[in-house]
Amino acid sequence: MQVSEANSDVDETRRTSDARHPRVARPVVHRRRPDVVSALTALERLIRRIPKAELHIHIEGSLEPELMFEIAERNGVRLPFASAADVRRAYEFRDLRSFLDIYYAGAAVLHRARDFYDLTLAYLARAHGQRVRHAEIFFDPQTHTARGVAFETVLEGIHSATRDAERRWGISSGLILCFLRHLPAGAAMETFGRALGYRDRIVAVGLDSSEVGHPPADFKDVFDRARAEGFLAVAHAGEEGPPEYIRQALHLLKVARIDHGVRCEEDPDLVAELATARIPLTVCPLSNVKLRVFPSLREHNLKRLLDLGLRVTINSDDPAYFGGYLLENFLGAQQALGLGRADIYRLARNAFEASFLAPTVTRRFVEELDAAMAEKTES
Ligand code: ADE
Ligand code: ZN
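The following paragraphs examine the structure supplied in this document. Given the structure is predicted, the values throughout are model-derived calculations rather than measurements.

From N to C terminus, the protein chain includes 18 helices and 10 strands. Within the protein chain, the fraction of its 379 residues that count as buried is 47%. Contacts in the protein chain between residues far apart in sequence, at least 24 positions, make up 73% of those at least 6 positions apart.

Now the structure itself:
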């Protein structure tokens, strides 16, 4: 990441060598410069220091152009770009669909378990550097199996990185298998069949990809089956799609969380239902601006949704494509929407409480959050 934040505490990764995997991401700890410390607001310092959870991150969307080139080279894949800077210049999106075309093309460099391992470890290193203590990570097996990459290869690479990251940095993870909704429901069912052998590695199923024209109702059978087999469920709904898709996700797919959900605001009865049922929304501010759901961060409805009593969380979605990881989403939303200390606390706490962690573990993280909130800092 280009770190413009000379003031960041612990935030950046550097590529270094490692015995098994020659180039892996490691967090780099920066010392604060005294002159920079005073330039930070108290809220910025708070956001940087509190423990966080991330519940909406597509691992394929964390593929930074530099790693894309490195993996393409070792796999003999030709990219239609001359440099990482060229790739970044192509990241101008009209809508979700125009983004997904580029996102699926980028993911095509991933072939071997080692590629999925490096991708996942790089994300977790950055997340750790931003004080993310727990991440629930989406992966899209169909994006890879359609290219001849085995389901097991994808899962093995991602899972072993989560295990190593936990050992190295103490960051915990859960994996969420997402079905691609632009493909037929039968293909989702077939993919789910593969997951049955890995119940211990996959916590939930999800639904992503191009939303409009692909309602949750189409996937009722596979979600019924997944829940019957003991998997939890989430679904993207109300990102570009109408409030009706959020209702279907709740009533037909019986999801525990709605991914995005920002269009619920158009339907007051739905807002009331979400509030009463305490359904978490995994909101992704920078993504919503990049994909033109909102014209700017200042016009984002996150603060209004919070004030309506909804269980809003902040997340990064596809951080390599949308200009920021979890910290940048928090900082951007705080500045653009004038979020206060109580809002930041609520958002961070909601994420731990909306996670799929055991209640005892959640409680420990909330205590850690409370301690960080209470910490006295310099200046
Ligand atoms: N896959 C990756 N990012 C996505 C998004 N923002 N919406 C739907 N599917 C996605
Ligand atoms: Zn998403």
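A few words now on the pairing of strand β3 (residues 52-58). Where burial is concerned, most of β3 is hidden: seven out of the seven residues are buried. Both β3 and strand β4 (residues 132-139) contribute to a ladder of five bridges, which runs parallel. Bridge assignment links histidine 58 to a residue of β4, and that residue is phenylalanine 138.

Quick look at the sheet that holds β3 now. Strands sit in the order β3-β4-β5-β6-β7-β8-β9-β10 across an open sheet of eight strands; the sheet is parallel. Taken across any chain shown, the strands that pair with only one partner, and hence form the sheet edges, are β3 and β10 (311-314). The sheet shows a mean angle of 25° between the axes of neighbouring strands, direction not considered. In the packing of helix α6 (residues 113-129) onto the sheet, the strands contacted are β3 and β4, and the crossing angle to β4 comes to about 150°.

Moving on to the environment of glutamate 368. Mapped onto the elements, glutamate 368 comes out in helix α18 (residues 359-374). Its 15 C-beta neighbours within 10 Å are what place glutamate 368 among the partly exposed residues. Spatially, the C-alpha atoms of glutamate 368 and proline 51 are 7.0 Å apart, while their sequence positions differ by 317 residues.

Mapping alanine 85 onto the fold places it in helix α4 (residues 84-89). By C-beta crowding, alanine 85 is classed as exposed, having 9 other C-beta atoms within 10 Å.

Moving on to helix α11 (residues 243-251). Where α11 is concerned, the buried positions are Tyr245, Ile246, Arg247, Gln248, Ala249 and Leu250. The secondary structure elements touched by the buried residues of α11 are β7 (232-237), β8 (257-260) and α12 (268-277).

Right, let's talk about unusual backbone geometry for a bit. Residues other than glycine seldom take positive phi values, yet lysine 254 does so here, at roughly 50°. When you line up the elements, lysine 254 lands in the loop between α11 and β8. If you check the backbone angles, arginine 292 has positive phi at about 60° while not being a glycine. Structurally, arginine 292 can be placed in the loop between α13 (285-290) and α14 (302-307). On the basis of neighbour count, arginine 292 is assigned to the partly exposed category, with 14 C-beta atoms found within 10 Å.

Take the packing of helix α9 (residues 185-195) against helix α10 (residues 220-228) next. Interhelical geometry of α9 versus α10 gives an angle of 20° and a closest axis separation of 9 Å. Put simply, α9 runs roughly parallel to α10. Here α9 and α10 pass one another in a crossing that is right-handed. Contacts between α9 and α10 pair Ala185, Ala188, Met189 and Phe192 from the former with Asp221, Val222, Arg225 and Ala226 from the latter. Taken together, the residues of the contact of α9 with α10 sort by class into six nonpolar, no polar and two charged.

Attention shifts here to the nonpolar core. Counting residues in hydrophobic clusters, the biggest one holds 102 residues, and the most contacted among them are Phe139, Ile176, Val205, Ala233, Ala235 and Ala249. Counting residues per element, this core draws most heavily on α6, at 10 residues. Not counting residues up to four positions away in its chain, the partners in contact with alanine 233 are Ala204, Val205, Phe223, Ala226, Arg227, Leu253, Lys254, Val255 and Ala256.

It is worth spelling out the packing of helix α2 (residues 42-49) against helix α16 (residues 326-337) at this point. Where α2 meets α16, the axes come as close as 10 Å, and the angle between the chain directions of the two elements is 155°. Considered as vectors, α2 and α16 are oriented roughly antiparallel to each other. As α2 runs across α16, the sense of the crossing is right-handed. Contacts from Leu43, Glu44, Ile47 and Arg48 in α2 reach Leu327, Phe330, Leu331 and Gln334 in α16. Each residue belonging to the contact of α2 with α16 can be placed in one class, and the counts come to five nonpolar, one polar and two charged.

As a structural note, the neighbourhood of ligand 1 is formed by His58, Gly61, Leu96, Tyr103, Asp208, Ser209, His236, Glu239, Ser287, Asp317 and Asp318. Its residues assigned to classes, the shell around ligand 1 shows two nonpolar, five polar and four charged.

Before going further, it helps to spend a moment on α6. Counted at 1.5 Å a residue, the expected span for α6 with its 17 residues is 24 Å, and the 24 Å between its end C-alpha atoms agrees. Across the 17 residues that make up α6, a large majority, 17, are buried. Downstream of α6 by one or two residues, arginine 131 has phi in the positive range, about 65°.

Summarising burial for β7: five of the six residues are buried, a large majority. Pairing geometry for strand β6 (residues 204-208) and β7, over two bridges, is parallel. Bridge pairing in β7 places valine 205 opposite alanine 233. Chirality of the crossover, the property in question, places the unit of β6, α10 and β7 among those that are right-handed. Bridge count between β7 and β8: four bridges; the pairing is parallel. Looking at the pairing, alanine 235 lines up with isoleucine 258 of β8. Crossover handedness for the path β7 to α11 to β8: right-handed.

About the thresholds
Residues numbered from 1 in each chain as written. Chains lettered and ligands numbered in written order. Predicted model: local features only at pLDDT ≥ 70, side-chain atom pairs only at ≥ 80, totals over all residues. Helix = DSSP H or I, 4+ residues; strand = E, 2+ residues; numbered from the N terminus. Buried ≥ 20, exposed ≤ 12 C-beta atoms within 10 Å, placed from the backbone. Contact = placed C-beta atoms within 7 Å. Pairing = 2+ DSSP bridges. Axes fitted to C-alpha atoms, helices over the stretch in contact; angles between N-to-C directions. Parallel < 35°, antiparallel > 145°, perpendicular 65-115°, else oblique. Left-handed = near helix turned anticlockwise from the far one by under 90°. Nonpolar A, V, L, I, M, F, W, Y, C, P; charged D, E, K, R; others polar. Core = buried A, V, L, I, M, F, W, Y, C linked by C-beta atoms within 7 Å. Near = placed C-beta within 6 Å. Expected span 1.5 Å × (residues − 1). Right-handed = clockwise from strand over helix to strand, strands pointing away.

Nothing here speaks to function; it is geometry throughout.
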